[in-house]
Amino acid sequence: MTSESKPSGISPLIDTHIHLDTYPEEQQTAILDNRQGCGLKSVISVSMNLESSRRNLELACQYQGFVEPAFGFHPEQPLPSDDEIKALFSFMDEHVNDMVAVGEVGLPYYSRLEALAAGGAWDNTLYENLLERFIIFAKQHHKPIVLHAVYEDADAACDLLKKHGVTSAHFHWFKGSAETLQRMADAGYYISFTPDLLYEPEIQELAREYPPSQVMTETDGPWPFEGPFAGQVTHPVMTAEVAAAWAEIQGVSVNEARRILYSNACRFYGI
Ligand SMILES: [Zn+2]
């Protein structure tokens, strides 16, 4: 138990998935300047590519203990060149002790749907190969891995994780079938809920079903939300409302929910 989670006080939270480096500067500064007293212990800032990994490393150095960086390549974009991949992996090798996890990595579900809907062809093989390299890196360096893999892509990611014996996997903002969800729960993988837990019945159903010891809070900021969050800049403090919504679904007190969500995140990320 840390000093911030005294039995008498309210438990802090962790935003386990945010793209802090992609916020406009004034919004990023506002989040970081108000980090004390916002109820957040830390944020896991995931990266889009090498440049983004460099920026997240800088933020982590500047805001030690609050910004915990993950390095990787987001799958919903054109594949990098071989040289870019090589440069990213050498950066990760060099900064392996600075990174809390590998991420954000995964498979391009939405890009593929878009390409196929537009009548284009699609080959997923190179994306799967790149994901496998990240999984091997995570295994070799004993790092957790943060996955963008939804619907049927989650099954493909589970196959690759199983192939390499990786058990420390976080499927952020997961959406998918009950069968896939069961498979992930049985494998010990974690999922996290964004602010859409307050208004998406599909996500509320997941939150009812998934083991309470394997769930965390996130925002995926700066991604914007709807419902009660419409028009607002996505901020890590929104995890408090995610925790309250999960408490209601689980029928536990808000502080008990926060304590569970916080300790799950600390355990998963080793922070
Ligand atoms: Zn993300």
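This write-up is about the structure you can find in this document. Here the structure is a predicted model, which means the values were calculated and not measured.

Analysis parameters
- Residues numbered from 1 in each chain as written.
- Predicted model: local features only at pLDDT ≥ 70, side-chain atom pairs only at ≥ 80, totals over all residues.
- Heavy atoms only, no water.
- Helix = DSSP H or I, 4+ residues; strand = E, 2+ residues; numbered from the N terminus.
- Rg over C-alpha atoms; globule rule 2.2 N^0.38 Å.
- Buried < 20%, exposed > 50% of the residue type's maximum accessible area, 1.4 Å probe, protein only.
- Contact = heavy atoms within 4.5 Å.
- Lys, Arg positive; Asp, Glu negative; His and termini not counted.
- Charge placed at Lys NZ, Arg CZ, Asp CG, Glu CD.
- Polar contact = N/O pair within 3.5 Å; in protein donor to acceptor, adjacent residues only side chain to side chain.
- Donors = N, O, S within 2.8 Å, 3.2 Å for Na, K, Ca; no water.
- Tetrahedral: all angles 85-135°; square planar, octahedral: opposite > 155°, others 65-115°.
- Phe/Tyr/Trp six-rings, centres within 6.5 Å; stacked < 30°, edge-to-face > 60°.
- Lys NZ or Arg CZ within 6 Å of the ring centre and 35° of its normal.
- Disulfide = S-S within 2.5 Å.

1. Looking at the overall build of the protein
- Within the protein, the secondary structure is distributed over ten helices and eight strands.
- Taken over C-alpha atoms, the radius of gyration comes to 18 Å for the protein, in line with the 18 Å a tight globule of 271 residues would show.
- With the C-alpha coordinates of the protein rotated into their principal frame, the extents come out at 55 × 40 × 40 Å.
- When burial is assessed residue by residue, the protein has 53% of its 271 residues classed as buried.
- Pairs at least 24 residues apart make up 74% of the contacts formed inside the protein by residues separated by at least 6 positions.
- Distance between charge centres in the protein, computed from 18 positive and 38 negative side chains, equals 8 Å.

2. Remarks on the side chain of His95
- Residue position: His95 is located in the loop between α3 (82-94) and β4 (101-106).
- The class of His95 is buried, set by a relative accessible area of 16%.
- Here Asp98 takes part through its side chain, which lies 2.8 Å from a polar atom of the side chain of His95.
- Dropping the residues within four chain positions of it, His95 is found in contact with Leu57 and Phe71.

3. Section: the coordination of the zinc ion
- All of the protein donors around the zinc ion are His17 (NE2), His19 (NE2), Glu104 (OE) and Asp220 (OD); their distances to the metal are 2.2 to 2.3 Å.
- Angles of 85 to 170° at the metal separate the four donor atoms of the zinc ion, which places the site in the irregular class.
- Written as a sequence motif, the donor arrangement for the zinc ion is H-x1-H-x84-E-x115-D.

4. Concerning the packing of aromatic side chains
- Counted by the stated rule, this structure contains twelve aromatic pairs.
- Ring centres of Phe171 and Phe174 lie 6.3 Å apart, and the angle between their planes is 90°; on these two criteria the pair is classed as edge-to-face.
- On the basis of relative accessible area, Phe171 is assigned to the buried category, the value being 0%.
- Among the aromatic side chains, those forming a connected cluster through ring pairs are Phe89, Phe134 and Phe137.
- Sitting over the face of the ring of Phe89, Arg133 holds its NZ or CZ atom 4.5 Å from the ring centroid.

5. A few points about the state of the cysteines
- Taken as a whole, this structure holds zero disulfides when the rule is applied.
- Its sulfur unpaired, Cys38 is 14 Å from the next cysteine sulfur, which belongs to Cys266.

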